[in-house]
Amino acid sequence: MTEVDLRLDARWLIPIVPPGTLPNHSLLVKGGRIIAIAPTALAARDFTATEHVRLSSHAILPGLVNAHTHAAMSLLRGIADDVPLKTWLADHIWPCEQRFVSPEFVYDGTLLAAGEMLLGGITCCNDMYFFPDAAAGAYRASGMRAMIGLPVLDFATPYAADVDGYLHAGLAARDTWKNEPLLSFSLAPHAPYTVGDAGWTKIIVYARQLDLPVQTHLLETEDERAQSLALHHVAPLQRLHHLGATGPAFIAIHAVHVDGDDIEILASQSSHVIHCPTSNMKLASGIAPVAALIKRGINVALGSDGAASNNRLDVFAESRLAALLAKIVTGDASAVPAATALKMATLNGACALGLDREIGSLEPGKQADVISVDLGSFAHAPCYDPISHLVHVTGRDQVTDVWVAGARIVAGGMLARLDARDLAQRARLWQDRIEKR
Ligand SMILES: [Zn+2]
């Protein structure tokens with residue numbers, strides 16, 4: 001008998017790698033890592049577990065990866081609906097941020113977002129926001145895994161004055177937190193149109209020296225291309241490519257209005273695209289050509305974007321939309337089948353963040369970032385294919401348990417480390433302040 005810390009017996013185990021569903025299988029965890037996957041009858045014979053959880057009507061799968069969000073913007077959830085991106089940013093979000101964003105705002109907003117994401121089965125996110133030091137503290141308190149983007153803009157905000165100021169503050173935050181096992185870092189120039197060539201050049205130097213990924217919003221709206229051609233005489237992605245930003249650690253967020261040349265650059269550079277279907281629909285930005293990107297071999301993952309433009313942080317919802325929109329765009333019902341959508345929500349996100357050796361699938365040796373989804377209710381019956389149900393039938397409300405690196409941080413649908421009443425109270429206090437502005 002082998003001793004383990006945790007044994008999960010599941011009705012269905014969906015490892016992502018290899019593809020498919022394993023009925024009546026168990027996951028064995030020791031020291032925060034998966035050490036074996038076995039039919040439950042064999043697991044009972046071969047392993048003794050300190051903690052044993054029976055999930056008789058559940059699917060277990062890797063924790064979802066929210067590959068693009070601005071977590072602290074949860075405090076601006078619903079503040080400006082029904083406006084396009086430019087108006088949303090210039091008339092609502094940026095003025096509000098200038099007035100209110102502080103380390104306290106970011107800590108409380110990130111904590112609120114982490115609570116929402118964990119309850120919805122998201123075990124890792126890729127964040128991009130001001131005061132990353134405060135965000136890191138919130139993630140540590142929550143027990144959630146995160147890659148924290150160190151933001152850079154050409155213009156001043158309450159966080160920093162200029163490109164050097166952003167880089168200095170961001171890299172100091174990374175120095176403080178870089179040994180935290182659940183945290184990793186990237187450089188996050190906001191967009192080609194908000195950071196000039198001089199800023200991009202500095203960012204690229206730091207990224208290479210420190211081996212950090214670079215993530216940026218790219219071609220979210222149609223006018224970005226014309227604006228770049230007028231100002232720089234080159235299309236946005238070609239400009240970044242010429243500056244040396246692209247490569248296997250380059251993350252293009254949105255990529256709604258990429259053309260054939262852009263797709264060739266992303267493919268040849270093994271760069272990643274984060275598809276944010278709800279945010280793109282809500283701001284009427286357009287629909288990214290996901291099926292074409294996948295066909296060209298580009299890794300496409302899923303993001304919620306911030307709660308101010310979504311207005312929820314729900315990767316189950318994004319996976320269903322990704323599947324449905326791809327079918328509409330191509331006129332091909334076989335585009336983005338459920339298994340592909342679920343892979344986009346898990347392993348592809350891990351891959352985009354450079355974390356695919358650690359998370360994204362249930363494989364021996366990987367971190368035990370695992371979620372359990374109850375498919376037992378009549379509304380899920382019958383269940384011929386649990387992968388189809390996870391994308392097209394179920395929602396985040398069916399997530400019952402969440403483990404990150406083997407630690408159970410959601411148990412029976414309740415947050416184990418965060419206090420739900422405290423989160424609501426923090427959000428209410430910020431709402432009072434922002435409404436009085
Ligand atoms: Zn965004």
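Please read these numbers as outputs of a predicted model, since none were measured by experiment. Residue positions are given per chain, counted from 1 along the sequence in the order it is written. With the structure being a predicted model, the display of local features is reserved for residues of pLDDT at least 70 and the display and counting of side-chain atom pairs for 80 or more, all residues being used for whole-chain, interface and lining totals. Only heavy atoms go into the side-chain values, all of them from the structure, while hydrogens and water stay out.

A. Quick look at the pattern of salt bridges. By definition, a salt bridge exists where a carboxyl oxygen of Asp or Glu is found within 4 Å of a side-chain nitrogen of Lys or Arg. Taken as a whole and assessed by the stated rule, the structure comprises 22 salt bridges. One salt bridge in this structure joins D9 and R7, with 2.8 Å as the shortest N-O distance. We note that D9, like R7, is buried. Here R239 makes a salt bridge to D197, at a shortest N to O gap of 2.6 Å. Separated by 42 residues along the polypeptide, R239 in helix α8 (residues 236-243) and D197 in helix α6 (residues 197-210) bring together distant segments of the chain. Buried, partly exposed and exposed residues are distinguished by accessible area as a fraction of the type maximum, computed with a 1.4 Å probe on protein chains only: under 20%, between the cut-offs, and over 50%, respectively. By the criteria applied, helices consist of DSSP H or I runs no shorter than four residues and strands consist of E runs no shorter than two, each listed in order from the N terminus.

B. Representation of the sheet that holds strand β2 (residues 22-30). Pairs of strands are assigned from DSSP output, requiring at least two bridges between the strands. The 8 strands lie next to each other as β3-β2-β1-β4-β13-β14-β15-β16, forming an open sheet whose pairing is mixed. The sheet is open, and its two borders are formed by β3 (33-39) and β16 (414-415), each paired with just one other strand. Pairing of strand β1 (residues 2-13) with β2, which is carried by 7 bridges, proceeds in the antiparallel orientation. Paired with R7 across the bridge in β2 is L28.

C. Spotlight on the environment of P39. Structurally, the position occupied by P39 is in strand β3. The contact criterion used throughout is that any non-hydrogen atoms of two residues lie within 4.5 Å. Once residues within four sequence positions are removed from consideration, P39 is found in contact with N24, H25 and S26.

D. Spatial organisation of helix α12 (residues 315-330). Over its 16 residues, α12 extends 22 Å from the first C-alpha to the last, a length consistent with the 22 Å expected when each residue adds 1.5 Å. Under the rule applied, a polar contact is a pair of N or O atoms within 3.5 Å (in protein, one hydrogen donor and one hydrogen acceptor; residues adjacent in sequence only if both atoms are side-chain atoms). The opening residue of α12, the one whose side-chain oxygen lies 3.2 Å from the backbone nitrogen of F316, is D314. Residue count minus one, scaled by 1.5 Å, sets the expected span of a helix.

E. The coordination of the zinc ion, seen in detail. Bound to the zinc ion are the protein donor atoms H68 (NE2), H70 (NE2), H217 (NE2) and D305 (OD), situated 2.1 to 2.3 Å from the metal. Geometry at the zinc ion is irregular, judged from its 4 donor atoms and the angles of 86 to 174 degrees they form at the metal. Atoms are scored as donors when they are N, O or S and lie within 2.8 Å of the metal, with 3.2 Å used for Na, K and Ca; no water is included, so coordination may look incomplete. A four-donor site is called tetrahedral if each angle lies between 85 and 135 degrees; a four-donor site is square planar, and a six-donor site octahedral, when trans pairs exceed 155 degrees and the remaining angles lie between 65 and 115; all other cases are labelled irregular.

F. Just the side chain of T216, in detail. Examined against the element boundaries, T216 turns out to sit in strand β9 (residues 214-218). A distance of 3.4 Å separates the side chain of T216 from the backbone oxygen of H190, its partner in a polar contact. Within the local environment of T216, its side chain forms a polar contact with the backbone nitrogen of A191, the two atoms lying 3.4 Å apart. Excluding anything up to four places from it in sequence, T216 contacts M128, P189, H190, A191, P192, W200, L240, F250, I251, A252 and I253.

G. Examining the domain arrangement of the chain more closely. Source of the domain bounds: an automatic or database domain assignment. Here the chain is described as being made up of domain 1 (2-62 + 368-405) and domain 2 (64-352). Of note, the centres of domain 1 and domain 2, computed from C-alpha atoms alone, are 30 Å apart. Across the contact, 21 residues belong to domain 1 and 25 residues belong to domain 2. Defined here as a combined quantity, buried area equals the accessible surface (1.4 Å probe) lost by two parts on assembly, summed across both. Note on domain 1 versus domain 2: buried area summed over both sides is about 1,800 Å², and carbon and sulfur give 70% of it.

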